[in-house]
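This is what each chain is made of:
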Amino acid sequence: MKKLLALLLAMAMMVALVACGGNGGNNTAGNQTDDTTQNDTGNAGNDAQTDEGGEETTGGDAAAVTNADDIPDSMTSEDGKYQVAFVTDVGQLKDKSFNQGTYDGVKLYAAANGLSYKYYQPAGGNEATDDDRYEAMKAAVDAGADVVVCAGYLQETALRQAAIDFPDTKFVFIDGYALDDDPDPEVEGNILTNVAGIAFMEQQAGYLAGYAAVMDGFTKLGFSGGGGGTNPACCRFGYGYVQGANAAAAELDVTVDMNYSWEHGATFSASPELQTMINGWYANGTEIVFACGGSMFQSISAAASANEGYVIGVDVDQSGESEYVLTSAMKGLADAVQWAVGHVYDETFDEIGGTTTSLGAEDNAVQLPTSDESWRFETFTVEEYKALYQQMVDGTLVVDDDYSKLETTEWSNVTLNVI
């Protein structure tokens, strides 16, 4: 399946990035889209792991591979060391969303540069503790990692301690931010220069999805988010989605209804309870639901299929997972990882360490898929989408990222039902 962002894969370390926030730096990064889940039971202490297909490979030879799916998830290093490590977020490695997209970047960089790689899934699964995450990071360092890529905001506490304890190891914090050495947010500590925070402007991707859905004729929308409303990335996705839907509805002079919920998504997992709730939405008239939370997609797409409703995927192009996926709000996980890890090996990590780099439309790092296989809108065209996207790129369209205003905003053309 062709992805728009994958066109720039070979140039991932040459695309300009925009720094954001008080800790931001003027950095550059590439663009592509991918994310994750897993049925594997990756163990932080194992020397080798076997992927779901039973494949295992031996490290050492550079591979001219541009499709992460062609690279085994597990390998056996010839010297017993694993140079590029990945510590998963909650959920499965092969979630076809956040974890998978992030790990794709690890595999692609390692394969292209003849490096060994390994993933570490913290003990406890969806109930993993900070200690579990720390032990996974320590296992990666003990196994010889030059760089440890950590996915998800839940890594913060463990990552801070690991960065302090292992100052010679570089850490890439995906969906994260710069860290200092004091866990008290009221105390200004010393910036940890061996941590590079990589964030995305998810509000832009959410806006594109909400706008496109309404312009295509949908008037009864849903949003089901992961993290229980505490995950900044999912909150930005959802807030942007409402803004985009409202803008399109205003242009069309219609009113749209939207169910908006964090119920049954705290662990980003599929569940019977989530599927039952979304089934009820579809049965009561909801036409399309933004499935914003890793493996939650499985429950939401199952409900959509049972009711002939539609789904909006997240993080990566999920159109191959179901005929009911209308589009996906994507962000460039794999390319961002490759760009950041590249700074470790070209000895320029000091340019991004200790800062937060935020990627958005200007970097081609958030977007909708536009390939023939993925574009499923009936009336909203690729040309109209590109014109909208260009407004984001040149700054004439600014999407607010302050999601705390979601429920206090008086939406002109959206009736918001927060559940």
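Residues numbered from 1 in each chain as written. Predicted model: local features only at pLDDT ≥ 70, side-chain atom pairs only at ≥ 80, totals over all residues. Heavy atoms only, no water.

Engineer: Which parts of the structure should I look at to understand the packing of aromatic side chains?
Structural biologist: Think of a pair of aromatic rings as described by two things: how far the centres are apart, and how the planes are tilted against each other in angle. Tallied over the entire structure, the rule returns 23 aromatic pairs. Plain terms: the ring middles of Tyr 109 and Tyr 345 are 5.9 Å apart, the flat faces sit at 20 degrees to each other, and that makes the pair stacked. Here the residue Tyr 109 occupies a position in helix α1 (residues 98–113), and Tyr 345 occupies one in helix α8 (residues 333–345), the gap between them amounting to 236 residues. Residue classification places Tyr 345 among the partly exposed residues on the basis of a relative accessible area of 29%. Aromatic pair Tyr 211 and Phe 380: ring centres 6.0 Å apart, planes at 65 degrees, arrangement edge-to-face. Of this pair, Tyr 211 sits in helix α4 (residues 202–215) while Phe 380 sits in the loop between β15 (366–367) and α9 (382–394), placing them 169 residues apart in sequence. With relative accessibility at 7%, the residue Tyr 211 sits in the buried group. Among the aromatic residues, those joined into a cluster by ring pairs are Tyr 207, Tyr 211, Trp 375, Phe 377, Phe 380, Tyr 385 and Tyr 389. If you follow Lys 118 out to its NZ or CZ, it ends over the ring of Tyr 82, 5.2 Å from the centre. (Phe/Tyr/Trp six-rings, centres within 6.5 Å; stacked < 30°, edge-to-face > 60°. Helix = DSSP H or I, 4+ residues; strand = E, 2+ residues; numbered from the N terminus. Buried < 20%, exposed > 50% of the residue type's maximum accessible area, 1.4 Å probe, protein only. Lys NZ or Arg CZ within 6 Å of the ring centre and 35° of its normal.)

Engineer: Hey, could you run me through empty space enclosed by the protein in this one?
Structural biologist: Think of a ball as big as a water molecule: rolled over the atoms, this probe shows where empty space is left. In total, this model carries two cavities of 30 Å³ or more according to the counting rule given. Put simply, the largest cavity is a space of about 160 Å³. Of all the elements, helix α5 (residues 232–252) adds the most residues to the lining of the largest cavity, at three residues. Grouping the constituent residues of the lining of the largest cavity by class yields eight nonpolar, six polar and six charged. Each pocket or cavity is described by its volume, and for the second largest cavity that value is around 50 Å³. What lines the second largest cavity is simply Thr 88, Asp 89, Val 90, Gly 91, Gln 121, Pro 122, Gly 125, Ala 128 and Arg 133. (1 Å grid on protein atoms, 1.4 Å probe; cavity = no way out; pocket = protein on both sides within 12 Å on 5 of 7 lines; lining within 4 Å. Points joined across faces, edges and corners; volume = space filled by probe spheres on them. Nonpolar A, V, L, I, M, F, W, Y, C, P; charged D, E, K, R; others polar.)

Engineer: Please explain the pattern of salt bridges as it appears in this structure.
Structural biologist: Side-chain pairs of opposite charge can arise whenever the charged atoms involved come near each other. By the definition in use, this model includes 11 salt bridges. The salt bridge partner of Lys 138 is Asp 142, with a shortest N-O separation of 2.8 Å. Residue Lys 138 and its partner Asp 142 are both found in helix α2 (residues 130–142); the two are separated by four residues, about one turn of the helix. You can call Asp 142 exposed: its relative accessible area is 53%. A salt bridge links Lys 220 to Asp 257; the nearest nitrogen and oxygen atoms lie 3.1 Å apart. With Lys 220 in strand β9 (residues 220–225) and Asp 257 in strand β10 (residues 256–261), this residue pair connects regions lying 37 residues apart in the sequence. The structure contains a network of salt bridges with shared partners spanning Asp 175, Glu 202, Arg 236, Asp 315 and Lys 331. (Salt bridge = Lys/Arg side-chain N within 4 Å of Asp/Glu carboxyl O.)

Engineer: Could you clarify how one ought to interpret the side chain of Thr 355 in this entry?
Structural biologist: Inspection of the secondary structure assignment puts Thr 355 in the loop between α8 and β14 (356–359). The buried category is assigned to Thr 355, whose relative accessible area is 13%. A distance of 2.7 Å separates a polar side-chain atom of Thr 355 from the backbone oxygen of Ile 352. (Polar contact = N/O pair within 3.5 Å; in protein donor to acceptor, adjacent residues only side chain to side chain.)

Engineer: What exactly am I supposed to notice about the sheet that holds β15 here?
Structural biologist: Sheets are built from strands paired through backbone hydrogen bonds, the pairs being either parallel or antiparallel. Spatially, seven strands are ordered β15-β13-β12-β11-β9-β10-β16 in an open sheet, and the strand pairing comes out mixed. Sheet topology places β15 and β16 (414–418) at the edges, where each strand pairs with a single neighbour. Pairing geometry for strand β13 (residues 325–331) and β15, over two bridges, is antiparallel. Residue Lys 331 lies in a different strand from β15, and its bridge partner there is Val 366. Here α5 sits on the sheet in contact with β9, β10, β11 (288–292), β12 (310–315), β13 and β16, set at roughly 175 degrees to β10. (Pairing = 2+ DSSP bridges. Contact = heavy atoms within 4.5 Å. Axes fitted to C-alpha atoms, helices over the stretch in contact; angles between N-to-C directions.)

Engineer: For this particular structure, what's the right way to read the packing of α2 against helix α3 (residues 156–165)?
Structural biologist: Two measures define how a pair of helices packs: the angle their axes make with one another and the distance between the axes. Packing of α2 against α3 leaves a shortest axis separation of 8 Å and a crossing angle of 40 degrees. One finds that α2 runs oblique with respect to α3. The two elements α2 and α3 meet at a crossing, and its hand is right-handed. The residues of α3 that touch α2, namely those facing Asp 130, Arg 133, Tyr 134 and Met 137, are Thr 157, Ala 158, Leu 159, Gln 161, Ala 162 and Asp 165. When its residues are assigned to classes, the contact of α2 with α3 shows five nonpolar, two polar and three charged. (Parallel < 35°, antiparallel > 145°, perpendicular 65-115°, else oblique. Left-handed = near helix turned anticlockwise from the far one by under 90°.)

Engineer: Would you mind going over unusual backbone geometry with me for this structure?
Structural biologist: Excluding glycine, a negative phi dihedral is what most residues carry, and trans is how most peptide bonds are arranged. A positive phi angle is found at Glu 308, which is not glycine, with a value near 55 degrees. By secondary structure assignment, the location of Glu 308 is in the loop between α7 (296–307) and β12. Despite not being glycine, Asp 315 shows a phi value in the positive range, around 75 degrees. Classification of Asp 315 by relative accessible area gives buried; the value is 6%.

Engineer: Got a minute to help me understand α3 in this structure?
Structural biologist: Residues separated by three or four positions in an α-helix point in the same direction, a consequence of the helix having 3.6 residues per turn. Those residues of α3 that sit buried are Ala 158, Leu 159, Arg 160, Ala 162 and Ala 163. Close packing links the buried residues of α3 with α2, β6 (147–151), β7 (170–174) and β8 (195–200).

Engineer: Is there a simple way to explain α1 in this structure?
Structural biologist: For α1, with 16 residues, the first-to-last C-alpha span of 23 Å sits near the 22 Å given by 1.5 Å per residue. The element α1 is extensively covered by neighbouring structure, given that 14 of its 16 residues are classed as buried. Just downstream of α1, Gly 114 is the residue with a positive phi angle, here 65 degrees. (Expected span 1.5 Å × (residues − 1).)

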